[in-house]
Structure formats: C-alpha cells, structure tokens
Amino acid sequence: AKNVGILAMDIYFPPTCIQQEVLEAHDGASKGKYTIGLGQDCMAFCTEVEDVISMSLTVVTSLLEKYGVDPKQIGRLEVGSETVIDKSKSIKTFLMGIFEKCGNTDIEGVDSTNACYGGTAALLNCVNWVESSSWDGRYGLVVCTDSAVYAEGPARPTGGAAAIAILIGPDAPISFESKVRGSHMAHVYDFYKPNLASEYPVVDGKLSQTCYLIALDSCYKQMCNKYEKLEGKQFSLSDADYFVFHSPYNKLVQKSFARLLYDDFLRNASSIDEAAKEKLAPFLTLSGDESYQSRDLEKVTQQLAKSLYDAKVQPTTLIPKQVGNMYTASLYAAFASLLHNKNSALVGKRVILFSYGSGSSATMFSLQLREGQHPFSLSNIANVMDVARKLKSRHEFPPEKFVETMHLMEQRYGAKDFVTSQDISLLSPGTYYLTEVDSKYRRFYAKK
Ligand code: ACO
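Presented here is a report on the structure given in the accompanying data block. (Residues numbered from 1 in each chain as written. Predicted model: local features only at pLDDT ≥ 70, side-chain atom pairs only at ≥ 80, totals over all residues. Heavy atoms only, no water.)

1. Quick look at the sheet that holds strand 17 (residues 418–419)
The cut-off we apply is this: At least two bridges found by DSSP between two strands are what make those strands a pair. We count a stretch as a helix when DSSP gives it H or I for four or more residues in a row; a strand needs E for two or more, and each element gets its number in order from the N terminus.
One open sheet accounts for 3 strands, arranged 17-18-19; its pairing is antiparallel. Two strands bound the open sheet, and with one partner strand each, they are strand 17 and strand 19 (443–447). Of the pairings in the sheet, the one linking strand 17 to strand 18 (residues 432–437) comprises 2 bridges and is antiparallel in character. For Phe418, the partnering residue across the bridge sits in strand 18 and is Val437.

This is how it looks when you write it as structure tokens:
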C-alpha cells in the first residue's frame, strides 16, 4: 500500500463547558492565571450522561455515516484511552456493537493505554497494519477518547474531554513519512493513576513539564538524525510548515516550540540567524538540567520564536484552548484545529506532530498533505468536523454547577446500580448517552 495515512477524521466533545475566566474567579486564582498563565480559554467536561464510551460511540457512528463508510469495510479498530472504566473489558468491545449489527466481527485490535500516548500507539498500530503483509485491504479505525478530570487545586483547570475517530488507509490525503520518526521512552513518576478507586491522577505538574521537554528534545534529535541519514541534509524548523504538540495546556505548547528553536541553535542549524545566535550565545554552555530550569532562556527563546510560533503553531491551538486537555485526543484535536483553519491551503505541506504520554512515552513523526479525493479530501474533512459550529453551540455552566457535576461524577466513578437523570436536553441529535449501570456493573447506552 502507498501513501498510507489519515483518510478521514471526526471529533466529538461534550456540549457542556466552563469558561476559564469564570473558573479562575471562582477558584480565587489571580486574574489571568488560567487564561494567560496556562493559556486556556474554556474547558469541556462530561456530565453524568456522558463518558469515554458514549463519546466514542458517538464519534465512530458519526464518522462512518458522514463519510459513507460501510462498517464491513473496517478490518482493524484500535482505541487509545487512559480513562479506566474497566480493568479488563476494552472500550473497543463496546464499539463492536456498531459493527456486529452489520455482521462484521472480523476486526483486529484492542485498547492501548499509557497516559496521553495511547492514541498514538493505536494510530501507529493501524498504519503499520495497512503497510504490512497481514493487511486484508480494509480500513483501520483509530479512536482516541478521554475525560481529563483533576482534583480541586491547581491542576483542575487543565481538564477537558473529547473523542476523535481517525480512518486509516492507502492513498491518503494525510500520509505518514514513516521513516521520519523519533521516540523517547523512560521510567518517571510525573503523572500516574495508582489509586484505582479514583479517576483523578497523582500529578507533579512541574516535573511533568520538564519530562515533557526532555522527551521533546530527545524525539526531535532522533527524528533529525533519521532525516539526515535519509535525505543527506540537516533538518531544522524551516523544513516543516506546521508543528503540532500534545497540549495539556497552551502555555506548555508555547514553551515547547521555543525549546525546538533552542535545539536548532545547539545543533547549529540554518534556521537560526545571526541575530538570534547572538541573543542565545549566553545559553550555549548551560547543562541540560540548567536549561530546563532557566527562566531567562525560556523568555529569550519565546521572544525569538514568536513570529514563527504565530505562523507554524498558532493555527493548531484552537480546540485545545477551547476544550482543554483531552489526553489521548489532545494532539489529534490540535491537528484537527489545523485542518479546520487551513484545510485546502495545506496541500503540499509537511506537518510535524509530537505525542507525549506521562510515565513516559513520546514520539515525534511527520505527515505530508495533499488534497485527496472526495470524500477523503482535506476540505471535506474540515467540513465534516464542523468545528466552529460545535464550539459555538456549547452550553456554559456556572462554576457552582460545574463543581456539583464533579462531585456527582466522583460518586459515580466505579459505582453500580444506578440510573442517570437522562437529562439529554443539551446533547445534539445522534449523541450516545449513558442510561444505566446495573447491579452487575453492566453499562447501558442509548442514542438521542
Ligand atoms: N497572570 C498571568 N500569568 C500568571 C498569573 C496571572 N495572574 N498567575 C500565574 N501565572 C503564570 C505563571 O507565571 C506560570 O507561567 P510560567 O510557567 O510561564 O511561569 C503559569 O501561570 C502557571 O502558574 P504556576 O503557579 O506556575 O503553576 P500552578 O502551580 O498553578 O500549576 C500546572 C500549573 C503545573 C500546569 C498545574 O495546572 C498542573 O499540574 N496541571 C496538570 C498538568 C498535567 O496533567 N500534566 C500531565 C499531563 S501530561 C502532560 O500532558 C504533560
């Protein structure tokens, strides 16, 4: 198979959200801390009628319908998620309801879990399958679904929720440069979920930020090395049109792009002009550790990267800023923002994606874009995702109601024997929702 990659995408996020400015005031944080300090505008969350299973049912059904894909045409289905509802039964098996109805039970794949990286593991599995000798000619389907919720405190505003479905096949408008890829895997305790009775992670936010940047440096270096071996010339920021980052909060994305500029400087890459070299000279001798801690370096690189950031990163930030951290879906929601903002103007462009999952696992990889053919074209993908309408038609909760919802969700996590309110007035037609969890923990869903 040639030009294997993304044929189609769809995104779903809950219609319920809270403005960061409102949450900031309610939490007693200083004005601008969440909006400027973290760089976030708004945060989506699930109410009691939605969860990672309902969201993935919604997005998969929508993708198949809107692109006219027959469920029998799916030969592999992989889910990435770090939201644990069941320690054994995969989310993929819930989705099989859609395919069984059509007589298709011949579908490989299960769930992948490692913090925000599971979606990328699922994606690489599907791409590798289509490129392999075991490929049977059908499509791969990747689902990234997560509800990111944090205990009250400084991490709470970095929540979010969404599900994304990605159709994989040959002759794709968005194809993988499979050899241009670098990974970094390590053992760290930056963010983890050891308390199986709680949905909330244990998180060391500052450490997580450093681990993210260490992984970013390492992946970029690996990827550059592979590119140089392959192409016989150096890779730098100038060689890609857009950079898309896993986005726990936008401030980290700003810092990450600035970090790549510093990496280019250390590699003596052609993307760094003389004026920038002069400004960065004082930082040439910093040790790795010092460089992650240096506020001055952060400031100088962010200033130097500002115009490049506006051109190569800013168009990718819309959905993560508006919806929040979507864990496994976060990187692909950032990529969806780029497709939404630029669609056909992306023809001929190269886009670099950086996926990070705490714990940690990370991969940087490269995509090449072409227009493709309807329904699998850049412009149709942007049409189908309909991001502007979905963002506009949301319902903003006041902070008291948000906090009340979080309390109810805490009680419901791991619980059995309850029916939900089934208040689905805020959901759009076609949305799946949770109706009941019975005395044997079996979950029941309906479609609005
Ligand atoms: N106006 C403007 N900026 C402000 C204001 C204000 N009033 N107040 C604070 N800030 C800035 C700070 O200067 C800081 O920015 P800087 O880093 O550029 O200096 C930023 O806002 C955050 O404030 P802090 O006090 O440094 O951070 P805080 O202790 O509130 O925690 C954090 C922020 C660490 C991001 C926290 O929200 C968290 O832990 N989130 C979870 C992160 C996570 O989940 N990581 C794991 C996921 S994996 C991953 O995806 C990396």
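From this point, the discussion proceeds with the structure in view.
2. Concerning unusual backbone geometry
To be explicit about the condition: The buried label applies to any residue whose accessible area, calculated with a 1.4 Å probe on protein chains only, is under 20% of its type's maximum; exposed applies above 50%, and partly exposed to all values in between.
Between Gly359 and Ser360 the backbone carries a cis peptide bond, its omega angle lying at 0 degrees. For Ser360, the location among the structural elements is in the loop between strand 12 (350–357) and strand 13 (361–369). Residue Pro375 is reached from His374 by a cis peptide bond, and omega for that bond is 5 degrees. Mapped onto the elements of the fold, Pro375 is located in the loop between strand 14 (372–373) and strand 15 (376–377). Within the chain, Asn3 stands out as a residue other than glycine whose phi angle is a positive 50 degrees. With respect to the helices, strands and loops of the structure, Asn3 is situated in the segment before strand 1 (5–12). Look at Asn268: it is not a glycine, yet its phi comes out positive at around 60 degrees. If you trace the backbone, Asn268 turns up in the loop between helix 7 (250–266) and helix 8 (274–280). According to the relative accessible area criterion, Asn268 is exposed, its value standing at 55%.

3. Some remarks on the packing of helix 1 (residues 20–27) against helix 15 (residues 399–412)
Pairs of packed helices are described in terms of their axes, by the angle between the two and the distance that separates them. Note the cut-off: Between the N-to-C directions of two axes lies an angle of 0 to 180 degrees, each axis being a line fitted to C-alpha atoms and, for a helix, fitted only over the stretch in contact. In what follows, roughly perpendicular refers to angles from 65 to 115 degrees, roughly parallel to angles under 35, roughly antiparallel to angles over 145, and oblique to any angle outside these ranges. The contact definition used throughout considers only heavy atoms, calling two residues in contact when any of these lie within 4.5 Å. Residues were grouped as follows: Ala, Val, Leu, Ile, Met, Phe, Trp, Tyr, Cys and Pro as nonpolar; Asp, Glu, Lys and Arg as charged; and all remaining residues, including Gly, as polar.
The interhelical angle for the contact between helix 1 and helix 15, taken along N-to-C directions, is 80 degrees, at an axis separation of 10 Å. By the angle between their axes, helix 1 is roughly perpendicular relative to helix 15. Residues Val22, Leu23 and His26 of helix 1 form the contact with helix 15, whose participating residues are Pro399, Glu400, Phe402 and Val403. A class-by-class count of the residues in the contact of helix 1 with helix 15 yields 5 nonpolar, 1 polar and 1 charged.

4. Some points on the packing of aromatic side chains
Keep this limit in mind: Within 6.5 Å between ring centres, the rings of Phe, Tyr and Trp (the latter by its six-membered ring) count as paired, and their orientation is classed by plane angle as stacked under 30 degrees, edge-to-face over 60, tilted in between.
Summed over all chains, the structure comprises 17 aromatic pairs. Aromatic side chains Phe45 and Phe397 sit 5.3 Å apart centroid to centroid with 75 degrees between the ring planes, which places their arrangement in the edge-to-face category. Separated by 352 residues along the polypeptide, Phe45 in the loop between strand 3 (42–44) and helix 3 (52–66) and Phe397 in the loop between strand 16 (395–396) and helix 15 bring together distant segments of the chain. By the ring-pair criterion, three or more aromatic residues cluster together here, those being Phe45, Phe397 and Phe402.

5. Re a nonpolar patch on the surface
Defined as follows: Patches were defined on residues exceeding 30% relative accessible area and lacking a salt bridge, with like-charge contacts within 9 Å and nonpolar side-chain contacts (Val, Leu, Ile, Met, Phe, Trp, Tyr) within 5 Å. Note on areas: these come from Shrake-Rupley sampling with a 1.4 Å probe, and a residue is covered only by the protein chains present in the view. Salt bridges are identified by distance alone: a Lys or Arg side-chain nitrogen within 4 Å of an Asp or Glu carboxyl oxygen.
On the surface, a nonpolar cluster with roughly 280 Å² of combined accessible area is contributed by Tyr189, Tyr192 and Val202. For Tyr189, the position within the fold is in the loop between strand 8 (174–185) and strand 9 (191–192). Note on Tyr189: relative accessible area 53%, which makes it exposed.

6. Focus on the side chain of Gln20
Mapped onto the elements of the fold, Gln20 is located in helix 1. Under the relative-accessibility criterion, Gln20 is labelled buried at 0%. The contact partners of Gln20, leaving out residues within four places of it in the chain, are Tyr34, Thr35, Gln40, Asp41, Cys42, Met43 and Pro157.

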